[in-house]
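Report on the structure
Residues per chain, in single letters:
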Amino acid sequence: MKILAIDVGTGTEDILLYDTEKEIENSLKMVIPSPHLKISKLIEKCDNDIYFDGVIMGGGHIKQSCQEHLEKGYKIVFNELAAKTIRDDLNQVKSYGFEVSDYSDEFKDYDLISLKDVDVNQIIDIFSQFELDLEVDEIAVAVQDHGYSEDMGDRDFRFEKIREKLDSPKAPEVFAMEYDEVPEYFTRMQSVIKSLEDQTDIKPVIMDTKFASIVGMCYDDYVADLKSYVVMDIGNGHTTVASIEDGLIQGVFEHHTSSLTPERFEELVNLLADGTIKHEDVYCEGGHGAFALNPISKIEKVIVAGPRRGIIEDTNMDYYYATPAGDVMMTGTVGLVKSMEYLRK
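Each residue is numbered by its place in its chain's sequence as written, counting from 1. Given that this is a predicted model, residues contribute local features only at a pLDDT of at least 70 and side-chain atom pairs are listed and counted only at 80 or more, while totals for whole chains, interfaces and linings are drawn from all residues. Heavy atoms from the whole structure form the basis of all side-chain values; hydrogens and water molecules are not counted.

Some points on the packing of aromatic side chains
- Only Phe, Tyr and Trp rings are paired, with Trp represented by its six-membered ring, and only when their centres lie within 6.5 Å; those with planes under 30 degrees apart are stacked, over 60 edge-to-face, the remainder tilted. Following the criterion strictly, the structure yields 13 aromatic pairs and no others.
- Taking the centre distance of 5.2 Å and the plane angle of 75° together, the rings of Y51 and Y103 count as edge-to-face. Remark: Y103 occurs in the loop between strand 6 (99-100) and strand 7 (111-115) and Y51 occurs in strand 4 (residues 50-54); sequence separation between them is 52 residues.
- Classification of residues uses two cut-offs on accessible area relative to the type maximum, computed with a 1.4 Å probe and protein chains only: under 20% is buried, over 50% is exposed, and between them is partly exposed. Among the residues examined, Y103 registers a relative accessible area of 46% and is labelled partly exposed.
- Each ring, one from F159 and one from F291, has its centre 5.9 Å from the other, and the planes form 70°; the classification is edge-to-face. With a gap of 132 residues between them, F159 in helix 6 (residues 154-165) and F291 in strand 14 (residues 289-292) connect regions that are remote in the sequence.
- Among the aromatic residues, those joined into a ring-pair cluster are Y51, Y103, F107 and Y110.
- Over the ring of Y283 we find R155, and its NZ or CZ is 3.9 Å from the ring centre. Strands here are runs of E lasting at least two residues and helices are runs of H or I lasting at least four, both read from the DSSP assignment and numbered beginning at the N terminus. Cation placement over rings: the criterion is NZ of Lys or CZ of Arg within 6 Å of the ring centroid and within 35° of the ring normal.

What follows is the structure, encoded as structure tokens:
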């Protein structure tokens, strides 16, 4: 069986084609720029009005590129679903000067740009340039989705859903979902499912990219021998940290990476491991939040992944850079594969 695992991050989109008949280290791998970077380049090169169709995707630099395009005197129009790439509240989208409208002949002379996080055909085209036939049996995709609620802000809602999932110590793989298990409030994940329906008959497994990374770290050969440790994905935008005992998450905090000084970072990790961290410790600093179900017996090692993992070197923490399947860039995709196996067992 061949599994196509796709981890869509802020900087890169990491892709792993895993053949279950072979060692995972022999998988085909590819790292390409994150989709929002490609869309931003298309906007920057355009010298016409633009109509965006498609679905919700990770916004990244798209909003800024669209605003710069408006400043050049061009019009920006989105269909309703694509507009939520900018903000879930369409009134906020319109407040930026963008229009929201169904497609009509009025826009036939506009440049058309389609929004989606996952373009399977593009991946197939890239592999085909190397005379590789991309036959896939399963697809697993990770994106970061804050979720949407009219009643609370996105950082509050995201962390509330994390706490709901972890009402007791659980394996990090529980964050993986079959396509028909994804709640409607995870609008970006729902858009991944919708866009894949137009590209393939395969029903995907969907997961949050941060927890895919956490799972991947746990399957590093070195980490597999540990009992009590802390894992952290230090991303360009967010840092997610979990304490692990006997393979189960005991606590989590999630912060904005730019807000973490080395000293504060180390302090929060110790509070998490001690089981004394409080939600306000992180939330009042602008982060998403924190909670601990239990302390862990000790920090045998701090396991680190993510594009800004070098931050850990400025702390006094005893750390190890995770390289599941022998590749630091495949942490999320390995996590997707292992989570699919867990989900389907």
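With respect to the nonpolar core
- Here the nonpolar core consists of buried residues drawn from Ala, Val, Leu, Ile, Met, Phe, Trp, Tyr and Cys, with membership extended through side-chain atoms lying within 4.5 Å. With 38 residues, the main nonpolar core has L16, M207, Y229, V231, I249 and I303 as its most contacted residues.
- For this core, the leading source of residues is helix 8 (residues 209-218), giving six residues.
- Setting aside its immediate chain neighbours within four residues, I303 contacts M217, V223, L226, Y229, V230, V231, M232, Y320 and A322.
- The next biggest cluster of nonpolar side chains, apart from the first, holds 24 residues, and it includes L4, V143, V182 and V192. Note on contacts: a residue pair is in contact if any heavy atoms of the two residues lie within 4.5 Å.

Overview of unusual backbone geometry
- One non-glycine residue, D246, lies in positive phi territory at about 55°.
- Within the secondary structure, D246 sits in the loop between strand 12 (238-245) and strand 13 (248-256).
- Phi at A325 is positive, roughly 60°, even though this residue is not glycine.

A short note on the packing of helix 1 (residues 35-45) against helix 2 (residues 62-71)
- Look at helix 1 against helix 2: their axes get within 9 Å of each other, and the N-to-C directions meet at 5°. With respect to helix 2, the element helix 1 is oriented roughly parallel. In contact with H36, I39, S40, I43 and E44 of helix 1, helix 2 contributes I62, S65, C66 and H69.
- Its residues assigned to classes, the contact of helix 1 with helix 2 shows four nonpolar, four polar and one charged. Lines are fitted to the C-alpha atoms to define the axes, a helix being fitted only along its stretch in contact, and any angle between axes, read from their N-to-C directions, falls within 0 to 180 degrees. Just so you know how the angles are binned, under 35 degrees is roughly parallel, over 145 roughly antiparallel, 65 to 115 roughly perpendicular, and the rest oblique. Residues were grouped as follows: Ala, Val, Leu, Ile, Met, Phe, Trp, Tyr, Cys and Pro as nonpolar; Asp, Glu, Lys and Arg as charged; and all remaining residues, including Gly, as polar.

Points about empty space enclosed by the protein
- Think of a 1 Å grid over just the protein atoms. A cavity is a set of points where a 1.4 Å probe fits yet cannot get out, a pocket is an open set with protein on both sides within 12 Å along at least five of seven lines, and lining residues have an atom within 4 Å of a point. Grid points are joined across faces, edges and corners, and a volume is the space filled by probe spheres set on the points. In this structure the tally under the stated criterion is one cavity of 30 Å³ or more.
- Looking at the largest cavity, its volume works out to about 50 Å³.
- Y179, I193, L196, E197, T200, D201, I202, K203 and P204 together form the lining of the largest cavity.

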